[in-house]
2 protein chains.
Amino acid sequence: MRGNGLVAQSGGPTAVINNSVRGVIQGWLQQKNTGCLYGAMYGIKGILEDRLVDLNAQGKTFINGLRYTPGAVLGSCRYKLQEGDYWKLLRFFQKKDIRYFFYIGGNDSMDTANKVYRLALQERYELYVIGIPKTVDNDLPFTDHCPGYGSAAKFLAITAMETSIDLRSLLMSKGVTIMEVMGRNTGWLAASTMLARRSDDDGPHLIYLPEVPFIREKFLADVEDVYRDLGHVYIVVSEGLVDQEGRYIFAEKSRDPFGHCLLGGLAETLKTMLEKETGIKVRCNIPGTIQRAAAHCASAVDAREAHMVGVEAVRTAAAGASGIMIALVRKQGETYCCVPGSIALDRVANREKKMPRQWINRAGNGIGEEFLQYVRPLIKGDVPIPTCNGLPAFIGLENFQRRSHPVGEPR
Amino acid sequence: MRGNGLVAQSGGPTAVINNSVRGVIQGWLQQKNTGCLYGAMYGIKGILEDRLVDLNAQGKTFINGLRYTPGAVLGSCRYKLQEGDYWKLLRFFQKKDIRYFFYIGGNDSMDTANKVYRLALQERYELYVIGIPKTVDNDLPFTDHCPGYGSAAKFLAITAMETSIDLRSLLMSKGVTIMEVMGRNTGWLAASTMLARRSDDDGPHLIYLPEVPFIREKFLADVEDVYRDLGHVYIVVSEGLVDQEGRYIFAEKSRDPFGHCLLGGLAETLKTMLEKETGIKVRCNIPGTIQRAAAHCASAVDAREAHMVGVEAVRTAAAGASGIMIALVRKQGETYCCVPGSIALDRVANREKKMPRQWINRAGNGIGEEFLQYVRPLIKGDVPIPTCNGLPAFIGLENFQRRSHPVGEPR
C-alpha cells in the first residue's frame, strides 16, 4: 500500500457503526504502510470542507470506546453530492495523496462511492474505493444482512416483548398498542419484533410491512378479529407502509436531500383512524432514533461483524480491489457463520432489498418461521459497556475532536 | 396473624412491580400463620369477579421470575370502584376470611385502599389494609420516591444519552429531537433525562416540566437560542405540560375511569408548531409504554426497594397496623440508604407530589444539581435477566395462570 487512506461515515448512525471505524483503523495498522489514515468529520461534507482528523494518532482508550459507543464517532451527514463536488473530491484526494477511500453507509452512500470510483478511473487517478455496509433498515442487496440491523432488531424484539407483557397485564382494561418502527421501504425491522412472541397470546399479534400493500378495511377487520379473541391487540407497523398504488400511507411533505420522503407520523394516523372506527383506545409507542442508537441492547454478533467488514475493507483494498462493497456471506450448516465477501458497487447502488414475500404469512399481517431462522443468530450476545454511576460511559465526540489534530495544523 | 391475605396490583405496571408481589409472598411465608395468601387477578376487578389465585402454591421458579419480569404478573386494571363495589368487596373478604389486604398502586389506588379500610372499620370487620407504593411517575407524597421510578428514569437517561449522541453525530444535517416522556402532572421522569448530560453540548438541552407553565413564545425563543449556538437541539417534554391557566397543552378528549385526561400526542403538536414557525426539521421519540416496561434497564436499587416495601407491608400488618402506606425514608449521610416508613392512607390518597420549584432552573427549561443528587442513587446497579437465544427469558402470565388454581375449585 502506498499513499494515505480516508474513512467516512454516512447517513443515520447505528449502535455498532463505530465498530466498522475500529475495523478500518485496526486493518490499516496491520498493513505494511507508512501512510496516514484520515477520518472525515461529518461524512462527505467534512471532505469537501477539509475537516479531517488523523486516525493513526488516536489512543487505545478511544479505539476501545468504539466497541460500545453509539452514534457516528466521526460525525455523519445526509448530503447529496453535486456534479462539481465529485471533481472537488478528486482534487482533494490528489492533493492529500489519498489512495484508499472507505465509505461506511447504505444504498445512497454506495452510489456516491461508486461515482467517486468511476471518476477516479476516468481520470486515471489510482484510487481504491471500498464500501462498508451499514444500515438498521437491512435493505442492502447482495449481502446476507447489514451491520447495524441485528442490534436494532434486538432492541425492538426486547421492547416488543416487554411492552406486550405490559399490555397483557392490563387485559381487563382492554386496549390497542401500535408500535411504529423504522425500515424505510422494507419490513426487516418490523419483522424482527416477531421474535417477541413465545405463545399465540403474546404480542405482536399483527405486523404490517411495506412489502404488502396496506388495505384500510383489511386492517380494521384484522384488528377487530384479534380484539374479539383476546381483548387487546399489539400491532407493529413499518414507517414505510404503502397502499395498493404504492403511495405512502403517511409521509410528510418535505423530502431529504436524496429526494426520499420523510417518514414518521404513521402510528398517530392509524390511531386516529382506529379510535374513530372502532372506539377502542389506542396507545402509540414510537421509539424513533432510540432503536438505532440503543447501544445498551447491541448484539455481540452484530458488533463483531461490523468490525469484521471494516478490517476486510482494508485487506481487500490492500489486495488491489476497488469499486466494491464488502458483503456478509452466510455459510450453510448448523452453526451460524458469516464470512466477508464482496460485490461491485454499481450493483448495490440505490437498490433496495425487500423481505421475500414467502417469509410473510399469506394474510400479509405476520411473519413465518423462515424469517425467524434467518434473524435469530443476528441478535445473539451482549456488548459489555463500562459504566459510571449506573450509566454507560460512552466516549464523547468532543474528546475525540480535542485529542485529534486538524490535518495541516501543527500538533 | 390469623385469616387469609390478599394482594392486588393496580394501574400501569412498572419494570419492578412484581418485586413487590415477591416481597409480599416472602413476607407472608416468614410470618407464623396458616392462612392462605391470595392474589387477585387483574387487580380490584379480579376481587369483584372472584378470580383469585393461591400464591402459597407457587413454585420457586415462579417466585424467582418476579425479580426480573416486567408488567403486572397478577394482572392489573384501571377501574374506579362504585359505592356498591365497596360493600361487595367487604362481603367477599368476610366470606373468604381475608384479614390482610395489600394493594400495590399509585395515588388513586391509595384512595381505594383507604375507602376499603374505612368501610371495614365502620362495619367492625377486622381487616389490615396496607398500601404498597408503585408508580413510574414518582408523584406519591410522603415517600422519598416511588418504586418503579428509578428503573424508568434509568431507561430514559440511557436513551437520552444514546439518542443525543445520535443527534450530535448528524450535526451538519441540523435538526431537533423531541422526546416525550410520561409523568402525568409531574416532571420527575422528564427531569431524569438530565442525567444524560456530561457536557454543555450534550443533550437534552431543554427540559420542560408540568411544574412550570409552558409559554409558546418562550419555548420558540429557547429552541432558537440553542439552535443558533449548537446547530441542533435535544428537547425533552413531559406529557402533562400545562399553560398559564393550567390547561394541558395537549390532551385527548377521552378520560380514564378516574376522570383523568388521557395524555399523549404532545410531541407531535410541538413538532408541527416548531416546523411551521422555524422551518427546522423535527424528529419525535415517543417511548410510550417502553419506558415503564423496560426491565432490561431496571435499576437494582429500585428492584430491591420494590421488594423491601412488599416484605415490610406484611411485617407492618402482622404488627397490627392498618390504613397506612409503606413509604421510603432516605437516611442522611454520605452513603445512600432508604429504610421503610409508613404514612396514613388518607394523607396520600389522591394527592400528587410535584418537583420542588427550586430543583428546576430559573428559566424553567432545565434541572439543577440538587435533583441530580436526589436521583443518582436510584438508578444504580443492574438486574440480571436469564436469557434464551439472546432474548430475556421472562416468566409468562399464562404459566402462572395454569400453575395456579382458582379458589374453591379442586386442585
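Not measured: the values here are computed from a predicted model. (Residues numbered from 1 in each chain as written. Chains lettered and ligands numbered in written order. Predicted model: local features only at pLDDT ≥ 70, side-chain atom pairs only at ≥ 80, totals over all residues.)

1. A short note on the overall build of chain A
1) Next: Scanning chain A for helices and strands turns up 14 helices and 13 strands.
2) Next: Relative to its length of 411 residues, chain A is compact, with a C-alpha radius of gyration of 22 Å against a globular reference of 22 Å.
3) Next: When the 411 residues of chain A are sorted by exposure, 56% land in the buried category.
4) Next: In chain A, the proportion of contacts linking residues at least 24 apart, taken out of those at least 6 apart, comes to 76%. (Helix = DSSP H or I, 4+ residues; strand = E, 2+ residues; numbered from the N terminus. Rg over C-alpha atoms; globule rule 2.2 N^0.38 Å. Buried ≥ 20, exposed ≤ 12 C-beta atoms within 10 Å, placed from the backbone. Contact = placed C-beta atoms within 7 Å.)

2. Considering the nonpolar core
It is characteristic of soluble globular proteins that their nonpolar side chains tend to be buried jointly.
1) Next: The biggest cluster of nonpolar side chains holds 256 residues, and the ones touching the most others in it are Phe102(A), Val237(A), Phe102(B) and Val237(B).
2) Next: Sequence-distant contacts of Phe102(B), that is, excluding residues within four places in its chain, are made with Gly5(B), Val7(B), Val24(B), Ile130(B), Ile132(B) and Ala313(B). (Core = buried A, V, L, I, M, F, W, Y, C linked by C-beta atoms within 7 Å.)

3. So, helix H1 (residues 17-30) of chain A
All names here are of chain A.
1) Next: With 14 residues, H1 extends 20 Å from end C-alpha to end C-alpha; this agrees with the ideal 20 Å at 1.5 Å per step.
2) Next: Within H1, 11 of the 14 residues are buried, which leaves it mostly tucked inside the rest of the structure.
3) Next: Here H1 has its buried residues at Ile17, Asn18, Asn19, Ser20, Val21, Arg22, Gly23, Val24, Ile25, Gly27 and Trp28. (Expected span 1.5 Å × (residues − 1).)

4. With respect to the interface of chain B and chain A
How big an interface is tends to be stated in terms of accessible area lost as the parts join.
1) Next: Tallying the contact residues gives 60 residues for chain B and 60 residues for chain A.
2) Next: Secondary-structure elements contributing two or more residues to the side of chain B that touches chain A are helix H6 (149-169), strand E9 (282-285), helix H10 (290-293), strand E13 (391-392) and helix H14 (397-403) of chain B.
3) Next: By residue number, the principal contributor to the side of chain B that touches chain A is H6(B), which donates 11 residues.
4) Next: Split into classes, the residues belonging to the side of chain B that touches chain A amount to 26 nonpolar, 20 polar and 14 charged. (Nonpolar A, V, L, I, M, F, W, Y, C, P; charged D, E, K, R; others polar.)

5. Structural notes on helix H5 (residues 107-122) of chain A
Residue and element names in this part refer to chain A.
1) Next: Between its first and last C-alpha atoms H5 spans 23 Å; for 16 residues at 1.5 Å apiece the expected length is 22 Å, and the two agree.
2) Next: Of all the positions in H5, only Asn107, Asp108, Ser109, Met110, Asp111, Thr112, Ala113, Asn114, Val116, Tyr117 and Ala120 are classed as buried.
3) Next: In the core, the buried residues of H5 are packed alongside helix H2 (44-48), helix H4 (83-96), strand E4 (98-105), strand E5 (128-133), strand E10 (324-330) and helix H12 (345-348).
4) Next: Directly after H5, the chain includes Arg124, whose backbone phi takes a positive value near 55°.

6. As for the relation of the copies chain B and chain A
1) Next: Note on the copies: chain B fits chain A at an RMSD of 0.0 Å, the axial shift is 0.0 Å, and the rotation between them is 180°. In symmetry terms, the pair is related by a two-fold rotation axis.
2) Next: A shared interface surface links the copies, since 100% of the contact residues of chain B are contact residues in chain A too. (Least-squares fit on C-alpha atoms with pLDDT ≥ 70 in both.)

7. Some points on the environment of Thr387(A)
All names here are of chain A.
1) Next: Topologically, Thr387 is positioned in strand E12 (residues 387-388).
2) Next: For Thr387 and Ala363, which are 24 residues apart along the polypeptide, the C-alpha to C-alpha distance reads 45 Å.
3) Next: With residues near it in sequence (within four places) discarded, Thr387 still touches Pro392 and Ala393.

8. Things to note about the confidence of the model for chain A
Residue and element names in this part refer to chain A.
1) Next: On average, chain A scores 92 in pLDDT, and the residues at 70 or more come to 93%.
2) Next: Contacts for the low-pLDDT stretch residues 402-411, under 50 throughout, to residues beyond four places or in other chains number 13 contacts.
3) Next: What the predictor reports for the complex is a pTM of 0.95 with an ipTM of 0.95. (pLDDT = per-residue confidence, 0-100.)

9. Some words on the domain arrangement of chain A
Residue and element names in this part refer to chain A.
1) Next: When its domains are assigned, chain A resolves into domain 1 (4-148 + 297-351 + 380-403) and domain 2 (150-295).
2) Next: Summarising the inter-unit geometry, the C-alpha centres of domain 1 and domain 2 are found 31 Å apart.
3) Next: At the interface, 25 residues of domain 1 touch 20 residues of domain 2.
4) Next: Of the residues assigned to the side of domain 1 that touches domain 2, the class counts are 12 nonpolar, seven polar and six charged. (Domains from an automatic or database assignment.)

10. What about the sheet that holds strand E1 (residues 4-9) of chain A?
Residue and element names in this part refer to chain A.
1) Next: In space, the seven strands of this open sheet follow the order E3-E2-E1-E4-E5-E10-E11, with mixed pairing throughout. For this open sheet the edge positions go to strand E3 (52-54) and strand E11 (338-344), each flanked by a neighbour on one side alone. When strand polarity is set aside, the average angle formed by the axes of neighbouring strands in this sheet is 30°.
2) Next: Contacts from H5 reach E4, E5 and E10 within the one sheet, and its direction differs from that of E4 by about 165°. (Pairing = 2+ DSSP bridges. Axes fitted to C-alpha atoms, helices over the stretch in contact; angles between N-to-C directions.)

11. Points about the environment of His205(B)
Residues and elements named next belong to chain B.
1) Next: Considering the arrangement of structural elements, one finds His205 in the loop between helix H7 (188-192) and strand E7 (206-208).
2) Next: With 26 C-beta atoms counted inside 10 Å, the residue His205 sits in the buried group.
3) Next: For His205 and Leu230, which are 25 residues apart along the polypeptide, the C-alpha to C-alpha distance reads 9.9 Å.
4) Next: With near-sequence residues (within four places) excluded, His205 lies in contact with Val226, Val233 and Tyr234.

12. Brief notes about the sheet that holds strand E8 (residues 232-238) of chain B
Residues and elements named next belong to chain B.
1) Next: With parallel pairing, four strands are arranged side by side in an open sheet as E7-E8-E6-E9. Edge strands, defined here as strands with exactly one partner in the open sheet, are E7 and E9. When the angles between neighbouring strand axes are averaged without regard to direction, this sheet yields 20°.
2) Next: In the sheet, E7 pairs with E8 via three bridges, with the strands oriented parallel. Following the sheet pairing, Ile207 is matched in E8 by Val236.
3) Next: Lying over the sheet, helix H8 (residues 216-230) contacts strand E6 (175-181), E7 and E8, oriented at roughly 150° with respect to E8.

13. Here we look at the packing of helix H8 (residues 216-230) of chain A against helix H9 (residues 266-278) of chain A
All names here are of chain A.
1) Next: Closest axis-to-axis distance for the H8/H9 pair is 11 Å, and the angle between their directions is 65°. Relative to H9, the element H8 lies roughly perpendicular. Along this stretch, H8 crosses H9, giving a crossing that reads as right-handed. From H8, Leu220, Val223 and Glu224 reach across to H9, where they touch Leu274, Glu277 and Thr278.
2) Next: Taken together, the residues of the contact of H8 with H9 break down into three nonpolar, one polar and two charged. (Parallel < 35°, antiparallel > 145°, perpendicular 65-115°, else oblique. Left-handed = near helix turned anticlockwise from the far one by under 90°.)

14. Digging into the packing of helix H1 (residues 17-30) of chain B against helix H11 (residues 300-318) of chain B
Residues and elements named next belong to chain B.
1) Next: Direction vectors running N to C along H1 and H11 enclose 35°, while the axes themselves pass 7 Å from each other. For the pair H1 and H11, the crossing hand works out as right-handed. Every residue of H11 that contacts H1 at Ile17, Asn19, Ser20, Val21, Arg22, Gly23, Val24, Gln26, Gly27 and Trp28 is listed here: Ala303, Ala306, His307, Met308, Val309, Gly310, Val311, Ala313, Val314 and Arg315.
2) Next: The residue inventory of the contact of H1 with H11, partitioned by class, reads 11 nonpolar, seven polar and two charged.

15. Notes on the pairing of E1(A)
Moving residue by residue along a regular strand, the side chains alternate between the two faces of the sheet.
Residue and element names in this part refer to chain A.
1) Next: Summarising burial for E1: six of the six residues are buried, a large majority.
2) Next: Burial of E1 is two-sided: the residues Asn4, Leu6 and Ala8 facing one way and the residues Gly5, Val7 and Gln9 facing the other way are all buried.
3) Next: Here E1 pairs with strand E2 (residues 37-40) via three bridges, running parallel. Its bridge partner being in E2, Gly5 is matched across the sheet by Leu37.
4) Next: Handedness of the crossover joining E1 and E2 through H1: right-handed. (Right-handed = clockwise from strand over helix to strand, strands pointing away.)

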